[in-house]
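Spelled out from the first residue to the last, the chains are:
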Amino acid sequence: MLFRSSGASTDTILLVGVQVNSKNLAPGSYTGQLTLTPTLGGSAAIVAVNLQVFATGTSAYGVTPATLQSTAPSGTNASAQTISIRAVAGTTVLPQVTGTTASGGNWLALSAPETYTFNTTATVQANFNTAALAAGYYTATITVSGAGVQNSPISIPVNLRIFTNQYPVGDP
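Below you will find a few notes about this structure.

Basis of the calculations
Residues numbered from 1 in each chain as written. Predicted model: local features only at pLDDT ≥ 70, side-chain atom pairs only at ≥ 80, totals over all residues. Heavy atoms only, no water. Helix = DSSP H or I, 4+ residues; strand = E, 2+ residues; numbered from the N terminus. Buried < 20%, exposed > 50% of the residue type's maximum accessible area, 1.4 Å probe, protein only. Contact = heavy atoms within 4.5 Å. Areas by Shrake-Rupley, 256 points an atom, 1.4 Å probe, with all protein chains shown as cover. Patch = residues over 30% accessible without salt bridge, like charges linked within 9 Å, V, L, I, M, F, W, Y side chains within 5 Å. Salt bridge = Lys/Arg side-chain N within 4 Å of Asp/Glu carboxyl O. Pairing = 2+ DSSP bridges. Axes fitted to C-alpha atoms, helices over the stretch in contact; angles between N-to-C directions. Core = buried A, V, L, I, M, F, W, Y, C linked by side-chain atoms within 4.5 Å.

**Here we look at the overall build of the chain**
Along the chain, the regular secondary structure elements total zero helices and 12 strands. Counted from the first residue to the last, the chain has its helices and strands arranged as β-β-β-β-β-β-β-β-β-β-β-β. The 172 residues of the chain split such that 22% are buried. Relative to all contacts within the chain whose residues are 6 or more apart in sequence, the contacts with residues 24 or more apart total 60%. For the chain, the accessible area works out to roughly 10,900 Å², and carbon and sulfur atoms hold 53% of it.

So, in structure tokens, the structure goes:
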């Protein structure tokens, strides 16, 4: 959907559908662009296009969210978040999910995937055991992999901020 900004409002002016014929494309990544030129004047809009073609019989993962962000006051655990993993095409796959923290010890805990995936969604719970962490910024990486999955492994960055819940009172 493209938008045109006119003054203080934004009006929807165009919905574009694109169909791709990948029948004769070799597996790999393809990039291009669409140039949408208005017939009644104005500037053309250029839209980047990325296409990933996978080999016949192989699976590919779709993982959401692409990044986990969380915050919590010191002395508490950050709220758990859910990762959804969908395998499309190919065969049934049991996702392997691991987490590695860069600092602060082992504050990230992941549940096992709830199901095998083949055009279905498996979920993994990311739990943050952060009550003992000092105020600051922490990072981790969650890796999703699977045997025979074309775009495996997938890395999901995790960004965590622990803040102090103590506020200064008055001027120093």
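Still to come is the rest of the account.
**Structural notes on a nonpolar patch on the surface**
On the surface, Val16, Val18 and Val20 cluster together into a nonpolar patch covering about 240 Å² of accessible area. Here Val18 is to be found in the loop between β2 (9-14) and β3 (28-36). Residue class for Val18 comes out exposed when judged on its relative accessible area of 54%.

**Thoughts on the sheet that holds strand β11 (residues 136-145)**
Strand order in the open sheet made by the four strands is β6-β12-β11-β8, with mixed pairing throughout. The open sheet has two edge strands, β6 (68-73) and β8 (96-101), and neither has a second partner. On average, adjacent strands in this sheet sit at an angle of 20° to one another, irrespective of strand direction. Bridge count for β8 against β11 is six bridges, and the pairing is antiparallel.

**With respect to the sheet that holds strand β7 (residues 81-88)**
The strand order across the open sheet formed by four strands is β5-β7-β10-β9, and the pairing between neighbours is antiparallel. On the outer flanks of this sheet lie β5 (60-64) and β9 (108-110), each paired with one strand and no other. Adjacent strand axes in the sheet meet at a mean angle of 25°, parallel and antiparallel pairs treated alike. The pairing of β5 with β7 spans five bridges and is antiparallel. Looking at the pairing, Ala60 lines up with Val88 of β7.

**Overview of the nonpolar core**
In this structure, Tyr61, Trp107 and Ile142 are the most contacted members of the largest nonpolar core, which totals 26 residues. Listing elements by their share of this core, those giving two or more residues are β5, β6, β7, β10 (121-128), β11 and β12 (154-163). It is β12 that provides the largest number of residues to this core, a total of five residues. Aside from chain neighbours lying at most four places away, what touches Trp107 is Thr101, Asn127, Phe128, Asn129, Thr130, Leu133, Tyr138, Thr139, Ala140, Val158 and Leu160.

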